[in-house]
Amino acid sequence: MTTTTRPTPIRTALCGALAAVLALGPAAVAAAEEPGGWKGEGGLTLTGGENNTVDAYVERAREAERSISVQVRAAAAMSEAELVGFDQRLKSPDSLKRKVATALAEQPGRNVDTVLAGITDAVRYTLQWDDAAYTSGVATVADTLAGWRNDSVKWSNTWGRASGYKGLNTGWRAPRSGQLFEVQFHTEASKKAQETTHKLYEEQRLPSTGPERKQQLQREQDAIFAAVPVPAGADSLAAPAPGRGPVPAGV
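The sections below set out a description of the structure shown in this document. Please read these numbers as outputs of a predicted model, since none were measured by experiment.

1. Thoughts on the pairing of strand β7 (residues 180–187)
Part 1 of the argument: β7 sits mainly inside the fold: eight of its eight residues count as buried.
Part 2 of the argument: On β7, burial covers both faces: Leu180, Glu182, Gln184 and His186 on one face and Phe181, Val183, Phe185 and Thr187 on the other are all buried.
Part 3 of the argument: With six bridges connecting them, strand β4 (residues 124–129) and β7 associate as parallel partners. If you follow Tyr125 over to β7, its bridge partner there is Val183.
Part 4 of the argument: Of the pairings in the sheet, the one linking strand β6 (residues 168–173) to β7 comprises six bridges and is antiparallel in character. Residue pairing across strands places Asn169 opposite Gln184, the latter belonging to β7.
Part 5 of the argument: Hairpin connection of β6 to β7: six residues between the antiparallel strands, including Gly178 at a positive phi of 75°.

Quick look at the structure:
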């Protein structure tokens, strides 16, 4: 007589969980099992030490944000800009860890400190104008921030691109804390396109996303940004000259 053993629901669940963990690979399994480690979507991981380093960076960014926000809000008011999503000015810890883990996975020779040193959007802001006021508004804000001794460290103007993202993303270094922060300059149409394509971009960046899928995601993003009007003079906006004015009191 032959006896057939049927898998119990518990055994099936355990086998499935084990298979999912093993699929992440040895390095990911080790990081996930390490006390204090972090595991994210798509097999992204940080060791306990890496995770602690990112957490410490998050706390420093939160402290520096207070004085940076004073300047950005003042510059926005001077240029009559709409400060969009101000309550999201601090990148969430999980989002920051995902960004660090992605960089470490794509470039294994780097370490968490060098990756964090190059991140400009842990503190970030979005300023928006209508098309007619956009170019003069950007120039006012950029000159004002530079005049208050914020160093311009990144100036990515993609308004003139034939395809892909349209907008102006800038990075700055605060004068006293040294904290890097990002200011994005948008029109209503370019901001809407950015929000529409965000999930597509995030999927495209995952190490687990295959080449064909990445190409498809890029085509979808290109089609959305192609419909965004370019404000007059936006493609010629250049980074401001270094400022020589005093740092505002209390900043």
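2. Remarks on unusual backbone geometry
Part 1 of the argument: The phi torsion at Glu80 lies on the positive side, around 60°, for a residue other than glycine.
Part 2 of the argument: By the element assignment, Glu80 lies in the loop between α3 (48–78) and β3 (82–84).
Part 3 of the argument: Not every positive phi belongs to a glycine, and Arg149 is a case in point at roughly 70°.
Part 4 of the argument: In this structure, Arg149 sits in the loop between α6 (131–147) and β5 (151–157).
Part 5 of the argument: Residue class for Arg149 comes out partly exposed when judged on its relative accessible area of 39%.

3. Describing a negative patch on the surface
Part 1 of the argument: There is a patch of like negative charges on the surface, built from Glu82, Asp130, Asp131 and Glu188.
Part 2 of the argument: When you line up the elements, Glu188 lands in helix α7 (residues 188–205).
Part 3 of the argument: For Glu188, a relative accessible area of 59% gives the class exposed.

4. Describing the packing of aromatic side chains
We describe a pair of aromatic rings using the distance from one ring centre to the other and the angle between the two ring planes.
Part 1 of the argument: Under the defined criterion, the tally for this structure stands at six aromatic pairs.
Part 2 of the argument: Where Tyr125 meets Phe181, the ring centres are 6.3 Å apart and the plane angle is 85°; that geometry is what we call edge-to-face. Here the residue Tyr125 occupies a position in strand β4, and Phe181 occupies one in strand β7, the gap between them amounting to 56 residues. Of the two residues, Tyr125 and Phe181, both sit in the buried class.
Part 3 of the argument: Taking the centre distance of 6.0 Å and the plane angle of 25° together, the rings of Trp129 and Phe185 count as stacked. Placement of the pair is Trp129 in strand β4 and Phe185 in strand β7, with a sequence separation of 56 residues. Grouping residues by exposure puts Trp129 and Phe185 together as buried.

Conventions used here
- Residues numbered from 1 in each chain as written.
- Predicted model: local features only at pLDDT ≥ 70, side-chain atom pairs only at ≥ 80, totals over all residues.
- Heavy atoms only, no water.
- Buried < 20%, exposed > 50% of the residue type's maximum accessible area, 1.4 Å probe, protein only.
- Helix = DSSP H or I, 4+ residues; strand = E, 2+ residues; numbered from the N terminus.
- Pairing = 2+ DSSP bridges.
- Patch = residues over 30% accessible without salt bridge, like charges linked within 9 Å, V, L, I, M, F, W, Y side chains within 5 Å.
- Areas by Shrake-Rupley, 256 points an atom, 1.4 Å probe, with all protein chains shown as cover.
- Salt bridge = Lys/Arg side-chain N within 4 Å of Asp/Glu carboxyl O.
- Lys, Arg positive; Asp, Glu negative; His and termini not counted.
- Charge placed at Lys NZ, Arg CZ, Asp CG, Glu CD.
- Phe/Tyr/Trp six-rings, centres within 6.5 Å; stacked < 30°, edge-to-face > 60°.

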